[in-house]
Amino acid sequence: MKHYYIYTVLCLFSIGLHAQDDLLNELEDEATPETFVSPAFKAMKIGNLQSTKVASKGDFYLYVSHRFGTLDDGLSTFFGFDNANTKIQLVYGLFDGWQFGISRESLRKTYALSTKVKLKNQSDTFPVNLVGYATANINTQVRKDRFPFLVFEDRLSYTTQLLISRRFSNRFSLELAPSYVRQNLTLEASQKHDQFAMGAGGRLKISKRMSINMDYVYNFSRADNTAFRNPLTIGVDIETGGHVFQLLFSNAQSTNEPGFISNAEGNWTDGDIFFGFNIVRVF
């Protein structure tokens, strides 16, 4: 009987050591650093600025964006809720790393076509993600009674961007976006038709499903006496399954690149801030 007890204790001790080894192996596996090369951003937009995320082949995205009126209007417009700008966009990944989109924005009744192409992924041998983006907008609100010599080309505006991002860690990503904007018809006489700008944005992950995002665009071609401002957007991303909710504040009401890069109308110091959100659904 004494030998039986000793044998039983040795067996249990051996099983305990084996279980401890398995647990340590699991902990070591969990402690192994995750790769943080891709993706740099969860949504196709940081806030207003395009991110380097591109739809995969066959993926279909529905984007619904709202930008309400300025908060400075107060209760007269219920802090801007009565003056909402709505945009609906459909994006499809036609090829791997190449997407096409079509949208309609209620502000200036603007229709837009866009494309985004992945040029290079961040990897162990390449430090950044490179993506090309281009969009063409049609302003259908412009009327001939105001512009008697209006032709179709005057309704058009374009933006091309090179998006350069890097995911520095599991929590932090940064992007630069050198941009060119062409407006065939400007809203101010002092505005230039050809404009050059530099965008910058970042994402800081604060929990498993939430991040703080910010983007800003400096327009080098801005006229000195213009009423327009450089756009600044601050927001929060919330991931829930196949949805991404983006809640944000911006001094630009337009969500189209020619609109917010050239014609951001609000001034943060004066309280001309627009609250809005993006809802993203992938199918």
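Every value quoted in this text rests on a predicted model; they were computed, and no experiment measured them.

Quick look at the overall build of the chain
Phase 1: Across its full length, the chain carries two helices and twelve strands.
Phase 2: Moving toward the C terminus, one meets the helices and strands of the chain in the order α-β-β-β-β-β-β-β-β-β-β-β-α-β.
Phase 3: Buried residues in the chain amount to 41% of all 283 residues.
Phase 4: Put simply, of all contacts in the chain between residues at least 6 apart along the chain, 55% involve residues at least 24 apart.
Phase 5: A total of about 15,500 Å² of accessible surface is found on the chain, and carbon and sulfur atoms cover 63% of it.

Description of the nonpolar core
Phase 1: Counting residues in hydrophobic clusters, the biggest one holds 16 residues, and the most contacted among them are Leu49, Leu163, Val217, Phe260 and Ile261.
Phase 2: Looking at this core, the elements that each hand over two or more residues are β5 (129-139), β7 (172-183) and α2 (257-262).
Phase 3: Setting aside anything within four residues of it in sequence, one finds Ile261 in contact with Thr159, Gln161, Ser179, Val181, Ala197, Val217, Asn219, Arg222 and Pro231.
Phase 4: Grouped together as the second largest cluster of nonpolar side chains are eight residues, Met44, Ala55, Tyr61 and Val244 included.

Here we look at the sheet that holds strand β4 (residues 110-120)
Phase 1: Strands sit in the order β1-β2-β3-β4-β5-β6-β7-β8-β9-β10-β11-β12 around a closed barrel of twelve strands; the barrel is antiparallel. Taking each pair of neighbouring strands and ignoring which way they run, the sheet shows an average axis angle of 20°.
Phase 2: In the sheet, strand β1 (residues 60-70) pairs with strand β2 (residues 85-95) via eight bridges, with the strands oriented antiparallel. Paired with Val64 across the two strands is Ile88, which belongs to β2.

Concerning the pattern of salt bridges
Phase 1: Tallied over the entire structure, the rule returns two salt bridges.
Phase 2: The partner of Arg182 in a salt bridge is Asp194, with the nearest N and O atoms 3.1 Å apart. Here Asp194 lies in strand β8 (residues 194-207) and Arg182 lies in strand β7, a separation of twelve residues in the sequence.
Phase 3: The closest approach of N and O atoms between Arg203 and Glu239, which form a salt bridge, is 3.5 Å. Taken together, the positions of Arg203 in strand β8 and Glu239 in strand β10 (residues 232-240) put the pair 36 residues apart, joining distant regions of the chain.
Phase 4: Classification of Arg203 as buried rests on a relative accessible area of 4%.
Phase 5: A relative accessible area of 14% means that Glu239 is categorised as buried.

Criteria and cut-off values
- Residues numbered from 1 in each chain as written.
- Predicted model: local features only at pLDDT ≥ 70, side-chain atom pairs only at ≥ 80, totals over all residues.
- Heavy atoms only, no water.
- Helix = DSSP H or I, 4+ residues; strand = E, 2+ residues; numbered from the N terminus.
- Buried < 20%, exposed > 50% of the residue type's maximum accessible area, 1.4 Å probe, protein only.
- Contact = heavy atoms within 4.5 Å.
- Areas by Shrake-Rupley, 256 points an atom, 1.4 Å probe, with all protein chains shown as cover.
- Core = buried A, V, L, I, M, F, W, Y, C linked by side-chain atoms within 4.5 Å.
- Pairing = 2+ DSSP bridges.
- Axes fitted to C-alpha atoms, helices over the stretch in contact; angles between N-to-C directions.
- Salt bridge = Lys/Arg side-chain N within 4 Å of Asp/Glu carboxyl O.

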